[in-house]
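Analysis of the macromolecular model
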Amino acid sequence: MNESIGSTTDIVTHLQERFPDAVQPAPAPYQGILVAQDRLVEVATYLRDELDFAYLSSVTVVDYPQPLNGMPACYDVVYHFFQGRGGPLTLHVQADRENPVVPSLVPLFPSALFQEREAWDLMGVRFDGHPDLRRILLWEGFDGHPLRKDWKEVYYEEEHKPFGSRFPDGRPVPAESRSPFGDNLRYPPGWSPRDWRPLVDVWGYAPHDELARQEDPNHPADRVVLNMGPHHPSTHGVLRLLVTLEGERIVKLEPMMGFLHRCHEKIGERNVWLGNIPYTDRLDYVCAMSNELPYVLAVEKLLGVEPPPRAQYIRVIMAEFTRFLNHAVSIGFTGNDLGIYFTAMLYALEEREHILDLFEMVSGSRLMCNYMRFGGVAHDMSEEAIALARALAFERLPRYLDQLESYFTDNELFKARAVGVGVLPPEMAVAYGCTGPLLRASGVPYDVRRAEPYFAYDDFNFDIVVGQNGDVYDRYLVRVGEMRQSLRILQQALNRLPDGPIMAGRKSATLKVPAGESYGRIEAPKGELGFYIVSDGGPNPYRYHIRAPSFVNLGVMGEICWGHLIADVVIILASIDITLGEVDR
Amino acid sequence: MSPRKRQLPEIPPELVGTVHITPIDAIYNWARKRSLWPIFFGLACCAFEMIGTFAARFDPSRFGMEIMRASPRQADLMIINGTVTKKMLPQVVRLYNQMPEPKYVLVMGACAISGGPFQEGYNVVSGIDKYLPVDVYVPGCPPRPEGLIHGILTIHAKMERESLRNLRWYKKGEVPEPIPVPELGPDLVDWRLTEKIEAMQEEVVPSQVE
Ligand code: SF4
């Protein structure tokens, strides 16, 4: 940084002075700046090169059919930039309602690659200059852009829950009765399947076929287009990889997703604020507990409540157990994909069961805990639960970790497959917006727990584990190191667990959240998990967007697989560590 | 003595204790149900609970089924473990068509039964039973492992009641029809609905012209 600029307010003032005709502060309940559409690239370049906002975390769009909260009717494209430390700089760009186009930031920040495609897919905002603006979660040919406010689902009942048909004394009506086909289907008027053929390249083969035809005269090997997934034992769910191969080497690899797109954000806008907490569990189902945290954090910021110390400690305990669980399972999957079959996984799943027992004890459910509340947690940790947590954190899990290391760390076969494979240089990792162990294994010590501390993380001693080479092996080492640090935090938290209440204020099912916007983020086990919410002061979110680490991290997959053997793809994928529920949302 | 037992042939005295006689259905169904191989197939959160079920604590090898096959050609049980989206449905139907008969479908979790918490989603199929024949439903979000095991035992019970004489895939001349694979158009295109869609469009179009 060439000038010392501190808080966000200073940065806003500074930018206003620097670009007097392009930048103004965002209207009242909003934060950050409003940038003129045609100057966006210039301002973003300045942010990146002069002010060290190297990290474009989230790109999303909010639809305003009518003026709201001081925003005119527009499509508001929202960017969140971060420096190495501190909170976000929010950048708003207003796009025209008739023909929404904004310049693409992909040439500056490749991390926008997938996120801009998602915004085009779901909101219909064009990004001028995007190299590959196709649909990503839905398919080419889908009718409409579903996240727009005027797009109604087939089973549409009302704008907001609780629906009058059920509450307060209605009777549920089968959703199927709302559709003439008795199913979640609708076709444009006049359309008939009889003379219809899928015209567009629904499955995205065209660019690969094109590439396969141009053979390289220096490499006489044939080029082959290979489709992996969405049903494949090593894609960790329903991810699809489309690969062009030259012999066994990868010429082009493209992850394709959307096979688990469950319309989370659209449903989230209909739910009441509290009703979204159980939905967040279902995003990354490997670590359900920590998905709830950024959402409650974002809402708490708007509400202006602070959870009491005991609740903060309990949150940290749950988050760290989840991190341990996630990394254990992730290493297990790596073993799975290396060809050890299920053995490594079985060890991980054994520990998982113990941790799930603890979760069940505190929340009542094994997997989908629904445990966090705005201003605290739902139930207190009982003596029994604390005893189990202590037994795990002090005895059982350290033992497991030693055992795991004795099998993997110096294993020659593992090293032969992992060292030097899938190398991700640090500059590329930052440009692509990678977070979590993937970023830290490349040697960038960036961790939201330190960069923008939340809950009680400031109270604990722990190290940020970084790797050096950014290959599969270093990612493994970083995960193991983080598990050790998690145990360290857990031991401190359990030793110092304060007494007191677990909720600030009282529990309320239909709370109203003040108008405004807020971005809550935590260091989830897979990387930075962020929730961007906009409230219009009502009992439901106006906009509810999830910045999922798995989704953004996948953007770099094509780059780091280039030139590798096809057999390495599954290990590289396992080392990135994705969950499809979170990728597709 | 029951009339059935009387019809069984006499075992020569030197083979008593070595040779046993049992109805073919009983032994055949016993063998089938003790080697039920599910397709390795993960759709959503329920899949993760299924993986948990197939690990050491709940140990389904007690029921002869710890092996999951990645290929549908080697599997005889399909566990639909999670939300089926419109984008995924063509693949699911194709996989089902590729499984050899006799085959069973176990539906795990609210999502696959009806769409569950995501029912109103624009990309969610509201119930896989609209497309595939389902044998057992296991409700829950996600069902506990015990629930899944109960579902599997229910399939075992169903298998036990089946007889070679009336199972359709052993009858002469009857080839089970594959299920038409839906396509992705403006929405999911279910070919079985062609006529209904056309009839609907005739109703809709004139009113829009007016
Ligand atoms: S039923 Fe629940 S746990 Fe299962 S896939 Fe659906 S949301 Fe996930």
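Just so we're clear, the structure is a prediction, and the values are computed from it rather than from any experiment. (Residues numbered from 1 in each chain as written. Chains lettered and ligands numbered in written order. Predicted model: local features only at pLDDT ≥ 70, side-chain atom pairs only at ≥ 80, totals over all residues. Heavy atoms only, no water.)

Mean pLDDT over chain A stands at 85; residues scoring 70 or higher make up 97%. Taking the mean pLDDT of every element in chain A, the minimum, 79, falls on helix α4 (residues 206-213) of chain A and the maximum, 91, on helix α15 (residues 472-495) of chain A. (pLDDT = per-residue confidence, 0-100. Helix = DSSP H or I, 4+ residues; strand = E, 2+ residues; numbered from the N terminus.)

This paragraph deals with a nonpolar patch on the surface. Where nonpolar side chains cluster on the molecular surface, the patch consists of L8(B), L15(B), V19(B) and I21(B) and spans about 270 Å² of accessible area. Along the polypeptide, I21(B) turns up in the loop between α1 (3-7) and α2 (24-33). (Patch = residues over 30% accessible without salt bridge, like charges linked within 9 Å, V, L, I, M, F, W, Y side chains within 5 Å. Areas by Shrake-Rupley, 256 points an atom, 1.4 Å probe, with all protein chains shown as cover. Salt bridge = Lys/Arg side-chain N within 4 Å of Asp/Glu carboxyl O.)

This part covers the nonpolar core. Nonpolar side chains tend to gather and get buried jointly when the protein is soluble and globular. Of all hydrophobic cores here, the largest spans 231 residues; its most connected members are L15(A), Y79(A), F81(A), F321(A), Y371(A), M78(B) and I80(B). Counting contributing residues, this core receives three or more from each of domain 1 (8-128) and domain 2 (284-508) of chain A. Residue contacts for F321(A): discarding those within four places in its chain leaves I355(A), L358(A), F359(A), A389(A), L392(A), A393(A), L397(A) and L490(A). Of all hydrophobic cores here, the second largest spans 20 residues; its members include I79(B), M108(B), L148(B) and I152(B). (Core = buried A, V, L, I, M, F, W, Y, C linked by side-chain atoms within 4.5 Å. Buried < 20%, exposed > 50% of the residue type's maximum accessible area, 1.4 Å probe, protein only. Domains from an automatic or database assignment. Contact = heavy atoms within 4.5 Å.)

A few words on the sheet that holds strand β3 (residues 55-64) of chain A. Residue and element names in this part refer to chain A. Taken in spatial order, the five strands of this open sheet run β1-β2-β5-β4-β3, and their pairing is mixed. A strand with exactly one partner marks an edge of an open sheet, and here the two such strands are β1 (23-25) and β3. Geometrically, the sheet is characterised by an average inter-axis angle of 25° between neighbouring strands, direction not taken into account. Bridge count for β1 against strand β2 (residues 33-35) is three bridges, and the pairing is antiparallel. (Pairing = 2+ DSSP bridges. Axes fitted to C-alpha atoms, helices over the stretch in contact; angles between N-to-C directions.)

Let us now look at the environment of G170(A). Residues and elements named next belong to chain A. Mapped onto the elements, G170 comes out in the loop between β7 (126-128) and α4. For G170, a relative accessible area of 28% corresponds to the partly exposed category. Separated by 139 residues in sequence, G170 and P309 have C-alpha atoms that sit 41 Å apart. The residues contacting G170, other than those within four sequence positions of it, are G164 and S165.

With 61 residues of chain B at the contact, the number on the chain A side is 68 residues. Summing the contributions of chain B and of chain A, the shared interface buries around 6,000 Å²; its carbon and sulfur component is 64%. Of all residues in chain B, F48(B), E120(B) and Y122(B) bury the most surface against chain A, accounting for 15% of the area lost on that side. Linking chain B with chain A are five salt bridges, by the criterion used here. In this structure, R144(B) and E360(A) form a salt bridge, with 2.8 Å as the shortest nitrogen-oxygen distance. For the side of chain B that touches chain A, the secondary structure elements donating two or more residues are α3 (45-53), α4 (89-98), β4 (183-184), β5 (188-189) and α7 (194-209) of chain B. When residues of the side of chain B that touches chain A are assigned to their parent elements, the largest contribution, 10 residues, is made by α7(B). A breakdown of the residues in the side of chain B that touches chain A according to their chemical character gives 35 nonpolar, 13 polar and 13 charged. (Buried area = accessible area lost by both parts, 1.4 Å probe. Nonpolar A, V, L, I, M, F, W, Y, C, P; charged D, E, K, R; others polar.)

This part covers unusual backbone geometry. In most cases, non-glycine residues show a negative phi, while peptide bonds are predominantly trans. Looking along the chain, the bond that leaves E101(B) and enters P102(B) is cis, with omega of -10°. Structurally, P102(B) can be placed in the loop between α4 and β2 (104-108). With an omega of -10°, the peptide bond running from C141(B) to P142(B) counts as cis. Structurally, P142(B) is set in the loop between β3 (136-138) and α6 (145-160). One non-glycine residue, F455(A), adopts positive backbone phi at about 50°. Of note, F455(A) is situated in the loop between α14 (448-451) and α15. Although it is not a glycine, D577(A) adopts a positive phi angle of roughly 70°. With respect to the secondary-structure elements, D577(A) resides in the loop between α18 (569-576) and α19 (580-584). Judged by its relative accessible area of 6%, D577(A) is buried.

In this section: the state of the cysteines. Per the counting criterion, the structure on display carries zero disulfides over all chains. Free of any disulfide, C263(A) has its nearest cysteine sulfur in C111(B), 11 Å distant. Residue classification places C263(A) among the buried residues on the basis of a relative accessible area of 1%. Cysteine C561(A) is unpaired, with the sulfur of C434(A) as its nearest cysteine sulfur at 12 Å. (Disulfide = S-S within 2.5 Å.)

Now for the side chain of S535(A). Residue and element names in this part refer to chain A. You can see S535 is positioned in strand β14 (residues 527-535). At 2.9 Å, the side chain of S535 and the backbone nitrogen of G537 are in polar contact. In this view, S535 contacts N69, W273, L302, V513, P514, A515, G516 and Y542; residues no more than four positions away in its chain are not counted. (Polar contact = N/O pair within 3.5 Å; in protein donor to acceptor, adjacent residues only side chain to side chain.)

With that settled, consider the pairing of strand β9 (residues 240-246) of chain A. Residue and element names in this part refer to chain A. In terms of burial, β9 is largely enclosed, as seven of its seven residues are buried. Burial along β9 is two-sided: the residues R240, L242, T244 and E246 and L241, V243 and L245 are all buried. The hairpin turn running from β9 into strand β10 (residues 249-256), its antiparallel successor, is two residues long, and G247 in that turn takes a positive phi close to 65°.

Turning to the packing of aromatic side chains, a few remarks are in order. All names here are of chain A. Enumeration over the complete set of coordinates arrives at 30 aromatic pairs over all chains. When the centroid spacing of 5.2 Å and the interplanar angle of 80° are considered together, the rings of Y454 and F455 count as edge-to-face. The interplanar angle of 65° and the centroid separation of 6.2 Å between the aromatic rings of Y457 and F462 together place this pair among those described as edge-to-face. Residue Y457 shares its accessibility class with F462, and that shared class is buried. (Phe/Tyr/Trp six-rings, centres within 6.5 Å; stacked < 30°, edge-to-face > 60°.)

Quick look at the sheet that holds strand β8 (residues 223-228) of chain A now. Residues and elements named next belong to chain A. Spatial strand order, β8-β9-β10: three strands in an open sheet with antiparallel pairing. One side of each edge strand has no neighbouring strand; the edge strands of this open sheet are β8 and β10. Taking the axes of each pair of neighbouring strands and ignoring which way they run, one obtains an average angle of 15° across the sheet. With six bridges joining them, β8 and β9 adopt antiparallel strand pairing. Within β9, the position partnered with V225 by the bridge is T244.

Our next topic: the packing of α3(B) against α6(B). Residues and elements named next belong to chain B. Two elements in contact, α3 and α6, have axes whose closest approach is 9 Å; the angle formed by their N-to-C orientations is 80°. In terms of orientation, α3 lies roughly perpendicular with respect to α6. Touching E49, M50 and T53 of α3 are P145, L148 and I149, all from α6. Classifying every residue of the contact of α3 with α6 by side-chain character gives four nonpolar, one polar and one charged. (Parallel < 35°, antiparallel > 145°, perpendicular 65-115°, else oblique.)

Residues and elements named next belong to chain A. Taken as a whole, chain A is organised into domain 1 (8-128) and domain 2 (284-508). A separation of 32 Å is found between the C-alpha centroids of domain 1 and domain 2. Tallying the contact residues gives 13 residues for domain 1 and 10 residues for domain 2. Carbon and sulfur atoms make up 58% of the area that domain 1 and domain 2 hide from each other, which totals about 860 Å². For the interface between domain 1 and domain 2, the tally reads zero salt bridges. On inspection of domain 1 and its partner domain 2, the count reaches two residue pairs in polar contact (both at pLDDT 80 or more). Its residues assigned to classes, the side of domain 1 that touches domain 2 shows seven nonpolar, five polar and one charged.

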